[in-house]
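Each chain is listed here by its residues.
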Amino acid sequence: RYSVRPESFSTECFVTNVGPRGCPFVAGFHPYFLARSWRIVTTGRTYRYTLADRYFPTGERGLFSFAEAGPGTSLDDCFRVTGAIRLEAEGRTLVIMRRRMPYLVVYNGKYAEGMSVAIEPYTGLEDAYNNGIGLVVLKPGESFSCGYRVRLFRS
């Protein structure tokens, strides 16, 4: 379910296993935000995952701060963020609140073309079916819901 309002938008995902066996599940969304000059601020702890190659997290992680990252930093990385996320860009601030989506991918590489940054909420990380990071296994008849909300504040 999507909801769009003048100062916010939200996405909610509802899943029920209607099958006879356990069902592995991971959800992720890919919102891009137009911004040439930006800064990400997080509350709580932020962890960055080590990647086995360019995409798949190994499970190893270390503390990370976005204080040193910005438009000149190339990111296509996996994170776990325990608190809220703010994107500050060109006189506006977006606050991203997540429910049952503790993981993120932050991307501003080739396809962002220097004009955007993606802050992508996930319930689990890439390759979760193999590495187990955030994988949810729904028993028959079990349900799961998650979502995120983005609010816009003008500076």
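What this report covers is the structure whose coordinates are included nearby. Treat the numbers as computed from the prediction; the structure is a model and nothing was measured.

Definitions and limits used
Residues numbered from 1 in each chain as written. Predicted model: local features only at pLDDT ≥ 70, side-chain atom pairs only at ≥ 80, totals over all residues. Heavy atoms only, no water. Pairing = 2+ DSSP bridges. Helix = DSSP H or I, 4+ residues; strand = E, 2+ residues; numbered from the N terminus. Axes fitted to C-alpha atoms, helices over the stretch in contact; angles between N-to-C directions. Salt bridge = Lys/Arg side-chain N within 4 Å of Asp/Glu carboxyl O. Phe/Tyr/Trp six-rings, centres within 6.5 Å; stacked < 30°, edge-to-face > 60°. Buried < 20%, exposed > 50% of the residue type's maximum accessible area, 1.4 Å probe, protein only. Disulfide = S-S within 2.5 Å. Polar contact = N/O pair within 3.5 Å; in protein donor to acceptor, adjacent residues only side chain to side chain. Contact = heavy atoms within 4.5 Å.

1. Focus: the sheet that holds strand β6 (residues 46-51)
The sheet built from 6 strands is open, its strands ordered β4-β12-β11-β8-β6-β7 with antiparallel pairing. One side of each edge strand has no neighbouring strand; the edge strands of this open sheet are β4 (32-34) and β7 (57-63). Sheet twist, expressed as the mean angle between neighbouring strand axes with direction ignored, is 30°. Here strand β11 (residues 103-107) runs beside strand β12 (residues 116-122); their pairing, made up of 5 bridges, is antiparallel. Its bridge partner lying in β12, Tyr107 is registered against Ala118.

2. Observations concerning the pattern of salt bridges
Note on pairing: side chains with opposite charge can pair once their charged atoms come close. Per the stated rule, a full pass over the model turns up 4 salt bridges. With its nearest N and O atoms 2.8 Å apart, the salt bridge here joins Arg39 to Glu88. Placement of the pair is Arg39 in strand β5 (residues 38-42) and Glu88 in strand β9 (residues 85-89), with a sequence separation of 49 residues.

3. A closer look at the packing of aromatic side chains
Applying the stated criterion to the full structure yields 8 aromatic pairs. For the ring pair Tyr32 and Tyr107, a centre distance of 6.3 Å and an interplane angle of 70° mean the geometry is edge-to-face. In this pair, Tyr32 sits in strand β4 while Tyr107 sits in strand β11, placing the two residues 75 residues apart along the sequence. A residue is classified by how much of its surface remains accessible, and Tyr32, at 39% relative accessible area, is partly exposed. Here the aromatic rings of Phe64 and Phe79 are separated by 5.2 Å at their centres, their planes lie at 50°, and the arrangement is tilted. Taken together, the positions of Phe64 in the loop between β7 and β8 (76-81) and Phe79 in strand β8 put the pair 15 residues apart, joining distant regions of the chain. Members of the aromatic cluster, each reached through a chain of ring pairs, are Phe9, Phe29 and Tyr148.

4. A short note on the environment of Gly91
Mapping Gly91 onto the fold places it in the loop between β9 and β10 (92-99). Taking relative accessible area as the criterion, Gly91 reaches 44% and is therefore assigned partly exposed. Counting along the chain gives 53 residues from Gly91 to Trp38, while the straight-line C-alpha distance between them is 9.7 Å.

5. Considerations on the state of the cysteines
One pass over the structure, following the stated rule, counts 0 disulfides. Free of any disulfide, Cys78 has its nearest cysteine sulfur in Cys146, 17 Å distant. For Cys78, a relative accessible area of 2% corresponds to the buried category.

6. With respect to the side chain of Thr46
As for its position among the elements, Thr46 is in strand β6. Residue classification places Thr46 among the buried residues on the basis of a relative accessible area of 3%. Here Thr42 takes part through its side chain, which lies 2.8 Å from a polar atom of the side chain of Thr46. If near-sequence neighbours (up to four positions away) are discounted, Thr46 is found in contact with Gly62, Leu63, Phe64, Phe66, Phe79, Arg80 and Val81.

7. Examining the side chain of Ser116
For Ser116, the location among the structural elements is in strand β12. For Ser116, a relative accessible area of 8% corresponds to the buried category. Beyond its immediate sequence surroundings of up to four residues, Ser116 is in contact with Tyr32, Phe33, Leu34, Ala35 and Asn108.

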